[in-house]
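# A look at the structure
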Amino acid sequence: MCYFALFSAIFAAPHFLQFKIVRSAALNLWESIKQPLILLFSLSAILACVTKGRYVHKYLLADNRHYTFYLWRKLLSRSPETRLAMVPVFFLAFLMVFTTLSHGYGRKPVWTLIYVLATAAVCVPQQLLELRYFIVPYLLLRLHMPRAPVWCLSLELLIYASVNALTIYLFLYKPFPWPSEQGLQRFMW
């Protein structure tokens, strides 16, 4: 779930940067600071997920044709300190997702609870960190966000187009050999 929150925070960043969302997230953060048990529980749960609840699948370490291989190797598995430094990042990502969901059109808290449970049912059992498992929950999140101004949608389109252009460029122009396979390998999502 932490990786999904981070994925959502990156791809929905323009929406999270709207003044009303930032202000509301700051108020939510202030409220959680005033209730230290909830803040301590949240941070402890994320810390437990980061330190104890991670499973490194052998395919994640073996297949260098995917973004997740490099994300894992370059960032997420560097050192214990890096994993600990990700705890506040994951917390802020969760905070922004929940704040954005709470700005829906008269949405009841039970909808948010069902969404979180359904997303957990999709993401948690997966033993392989793979971005494709996040797409359907992210699309549901994105569809239930409040309407955004044109600058947000334009920036969001720019993020998506940049990631896709980079992927297409790497696929077409940066093939690489594998010693165990004949022919060239190509980078993909």
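Scoring rules and cut-offs
- Residues numbered from 1 in each chain as written.
- Predicted model: local features only at pLDDT ≥ 70, side-chain atom pairs only at ≥ 80, totals over all residues.
- Heavy atoms only, no water.
- Helix = DSSP H or I, 4+ residues; strand = E, 2+ residues; numbered from the N terminus.
- Buried < 20%, exposed > 50% of the residue type's maximum accessible area, 1.4 Å probe, protein only.
- Contact = heavy atoms within 4.5 Å.
- Areas by Shrake-Rupley, 256 points an atom, 1.4 Å probe, with all protein chains shown as cover.
- Core = buried A, V, L, I, M, F, W, Y, C linked by side-chain atoms within 4.5 Å.
- Salt bridge = Lys/Arg side-chain N within 4 Å of Asp/Glu carboxyl O.

### Concerning the overall build of the chain
Looking only at helices and strands, the chain features 10 helices and two strands. Listed N to C, the secondary structure of the chain is α-α-α-α-α-α-α-α-α-α-β-β in terms of helices and strands. Looking at the chain residue by residue over its 189 residues, the buried ones come to 36%. Taking the contacts inside the chain whose residues are at least 6 apart along the sequence as the reference set, 74% of them involve residues at least 24 apart. Of the accessible surface of the chain, which amounts to about 11,800 Å², a share of 71% is contributed by carbon and sulfur atoms.

### Notes on the nonpolar core
Among the nonpolar cores identified, the biggest contains 35 residues, and Phe16, Ile46, Phe90, Phe134, Tyr138 and Leu141 are the most heavily contacted of them. Counting residues per element, the ones that place at least two in this core are α1 (2-11), α3 (19-34), α4 (36-51), α6 (67-76), α7 (80-102), α8 (109-123) and α9 (135-143). Element by element, the count of residues in this core is highest for α7, at 10 residues. Setting aside residues up to four positions removed in sequence, Phe16 forms contacts with Ser8, Ala9, Ile21, Val22, Met96, Val97, Thr100 and Met145.

### Digging into the pattern of salt bridges
On inspection of all chains with the given rule, the structure shows one salt bridge. As a salt-bridge pair, Glu156 and Arg142 come within 2.7 Å of each other at their nearest N and O atoms. Taken together, the residues span a long stretch of sequence, with Glu156 in helix α10 (residues 150-173) and Arg142 in helix α9 at a distance of 14 residues. Note on accessibility: Glu156 and Arg142 belong to one class, buried.

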